Amino acid sequence: MEQLRTSLADCGQEHLLRFWDQLSEEEKNELRNDLLELNLPEVTSYYRKTAYASFITHMDTLDDKVSPIPKESIASLNSTNKDQLRIYEKLGLQEIADSKVAVLLMAGGQGTRLGVSYPKGMYNVGLPSGKTLFQLQAERILRLQNMAEKEYGKRGEITWYILTSEATHDTTLAFLSKHNYFNLKKDNVIAFKQSMLPCFTLEGKIILDEKHKISKAPDGNGGLYRAIKVQGILDDMRQRGIRSVHAHSVDNILIKVADPIFLGYCLSSSTDCGVKVIEKSSPNEPVGVVCKVEDTYRVVEYSEISKDTAELRDDDGQLVYNAANICNHYFTVDFLCTIGNEYETEMELHAAKKKIPYIDADGCRRIPVSPNGIKIEKFVFDVFKFAKRLAVWEGIREEDFSPLKNGDSAGQDCPSTARNDVLKLHKKWLLNAGATSVTDDVEVSPLLSYAGENLSHVRGQSFNGPYVLQ
């Protein structure tokens, strides 16, 4: 204990033992273990780094340092001819047939902003099928395996790695088990937790959530790089012979899981890191954009460039900074190993001001009404600068991106918009396949069609919802 007190004092965190004499033996053990698990010099350095970074960021914008993605470094679904798209798709399906593909699903978030207390992946937006995000994504994996088998005559398997958090891990596992992993093989569904970091006051003091418990929060989606190393996921990928990893967040209901065209494009580019983007809807859309900062690829947040820079257009009238980031990434396993072994400790740290419950000086637990502290996070895209070659693929918003973040009262990025975007896309598929009419809510099961294929049998038919094509 004396060593611990000294360590805390050296790092300016001695207040964490303020209530020591009031604790039971069980509570003392819990707090002691909590503190001993922390690398105090390391975690307190995180605060100093983020405070400095925030100071630098707010001094000026990046206008003089940014440049758009070079035209030769980005390809687009819209501008690539059908023959070339088919080549990419076959490359991707070959990788799947050879069991060299994994999906890394980032699913650590709870549905707090949605108004629910369970993991986002368990959310049902009200489609006719009643399927959750987890089920839709699992069934897209099953469909891809069938497509690859049909193309190449052998049954490949996609491994589904699910990054959870302390708050979502047990609930996620219980949900998947209850639903028999949506007919994926149990051995091919692997959940693992991201790490937790202490929360700090604005002055750099670690916050107590209870007298015997430190306040902690997940270390952001960029925490996956440490988690896959320390929890043996990289070793598992190696043992399975996986080469290509598609990483994405759980809350995009339109996500093309392990999109074979995107995979094939990245494979043909011999890239170690790829990113799928979409065209920004407007200059002021609050999304990060993929661009270069002093010749290094980065995602620049909309707040880091001025309004004038955001509104710049080229000779064709297209926004210069147009490549909206949608948390949709390709990595080789070799690249992930390099990040884990060499660069993870060099990743940027980001501070988010939050309202964090705390124990005050009198030992009372307070719920703040305004931001009183910071949570420190790493972002998944901050590894772009370590890539030897970055491949950028531009998808189509209506086919690739509809995030589920807010309750319906927000009117955007909510259950209603997610449901409507799915049904609108499926209606387009059916009409393109020759259906004569599609009215009301008609849904196409992912087990039937991954991206509008395999629907020739609907020619001449009319559909009236609510209805699900199985």
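Below: a short report on this structure.

### Describing the overall build of the protein
So, point 1. Along the protein, the regular secondary structure elements total 13 helices and 24 strands.
So, point 2. For a compact globule of 470 residues, the expected C-alpha radius of gyration is about 23 Å, and the protein comes in at 24 Å, within 12% of that figure.
So, point 3. In terms of principal-axis extent, the alpha carbons of the protein reach across some 80 × 55 × 45 Å.
So, point 4. In the protein, which comprises 470 residues, the share counted as buried stands at 54%.

### Here's the deal with the nonpolar core
So, point 1. Residues Phe-134, Trp-160 and Trp-393 are the most contacted members of the largest nonpolar core, which totals 43 residues.
So, point 2. At the level of secondary structure, the elements contributing two or more residues to this core comprise helix H4 (82-97), strand E3 (101-106), helix H5 (133-152), strand E4 (159-164), helix H6 (169-178), helix H9 (260-268) and strand E20 (390-394).
So, point 3. Among the elements that take part in this core, H5 stands out by supplying seven residues, more than any other.
So, point 4. Discounting chain neighbours no more than four positions away, the residues touching Trp-160 are Val-103, Leu-105, Phe-134, Gln-137, Ala-138, Ile-141, Leu-176, Leu-184, Asn-188, Val-189 and Ile-190.
So, point 5. Of all hydrophobic cores here, the second largest spans 40 residues; its members include Leu-163, Leu-234, Ala-387 and Leu-390.

### Focus: the packing of H4 against H9
So, point 1. Running from N to C, H4 and H9 cross one another at 95 degrees; their axes reach a closest spacing of 7 Å. Comparing their axes, H9 and H4 come out roughly perpendicular. Facing H4, whose interface residues are Leu-85, Tyr-88, Glu-89, Leu-91, Gly-92, Leu-93, Glu-95 and Ile-96, H9 presents Pro-260, Ile-261, Leu-263, Gly-264, Tyr-265, Leu-267 and Ser-268.
So, point 2. The residue makeup of the contact of H4 with H9, split by class, is ten nonpolar, three polar and two charged.

### Observations regarding the sheet that holds strand E7 (residues 200-201)
So, point 1. Spatial ordering of the open sheet is given by E7-E19-E16, a layout of three strands whose pairing is antiparallel. The sheet is open, and its two borders are formed by E7 and strand E16 (350-354), each paired with just one other strand.
So, point 2. Pairing geometry for E7 and strand E19 (residues 373-377), over two bridges, is antiparallel. Bridge pairing links Thr-201 to Gly-373 in E19.

### A look at H9
So, point 1. Within H9, eight of the nine residues are buried, leaving the element largely enclosed by the surrounding structure.
So, point 2. Where H9 is concerned, the buried positions are Pro-260, Ile-261, Phe-262, Leu-263, Gly-264, Tyr-265, Cys-266 and Leu-267.
So, point 3. The opening residue of H9 is Asp-259, an N-cap whose side-chain oxygen sits 3.1 Å from the backbone nitrogen of Ile-261.
So, point 4. Ser-270 lies just past H9 and shows a positive phi near 50 degrees.

### Looking at H6
So, point 1. For H6, every residue scored as buried is listed here: His-169, Thr-172, Phe-175 and Leu-176. Buried residues of H6 fall within an arc of 135 degrees about the axis and therefore sit on the same side. Facing away from the buried surface of H6 by more than 90 degrees, the exposed residues are Asp-170 and Lys-178.
So, point 2. Asn-180 sits one or two residues past H6 and shows a positive phi near 55 degrees.

### A word on the packing of aromatic side chains
So, point 1. Under the counting rule described, the total for this entry stands at 13 aromatic pairs.
So, point 2. With a centroid separation of 6.0 Å and 80 degrees between ring planes, the pair formed by Tyr-225 and Phe-331 is classed as edge-to-face. Taken together, the positions of Tyr-225 in helix H7 (residues 224-230) and Phe-331 in strand E15 (residues 323-332) put the pair 106 residues apart, joining distant regions of the chain. Accessibility classification places Tyr-225 together with Phe-331 in one group, the buried group.
So, point 3. Aromatic pair Phe-379 and Phe-381: ring centres 5.4 Å apart, planes at 50 degrees, arrangement tilted.
So, point 4. Owing to a relative accessible area of 9%, Phe-381 belongs among the buried residues under this scheme.

Rules behind the numbers
Residues numbered from 1 in each chain as written. Predicted model: local features only at pLDDT ≥ 70, side-chain atom pairs only at ≥ 80, totals over all residues. Heavy atoms only, no water. Helix = DSSP H or I, 4+ residues; strand = E, 2+ residues; numbered from the N terminus. Rg over C-alpha atoms; globule rule 2.2 N^0.38 Å. Buried < 20%, exposed > 50% of the residue type's maximum accessible area, 1.4 Å probe, protein only. Core = buried A, V, L, I, M, F, W, Y, C linked by side-chain atoms within 4.5 Å. Contact = heavy atoms within 4.5 Å. Axes fitted to C-alpha atoms, helices over the stretch in contact; angles between N-to-C directions. Parallel < 35°, antiparallel > 145°, perpendicular 65-115°, else oblique. Nonpolar A, V, L, I, M, F, W, Y, C, P; charged D, E, K, R; others polar. Pairing = 2+ DSSP bridges. Polar contact = N/O pair within 3.5 Å; in protein donor to acceptor, adjacent residues only side chain to side chain. Arc of directions from axis to C-beta. Phe/Tyr/Trp six-rings, centres within 6.5 Å; stacked < 30°, edge-to-face > 60°.

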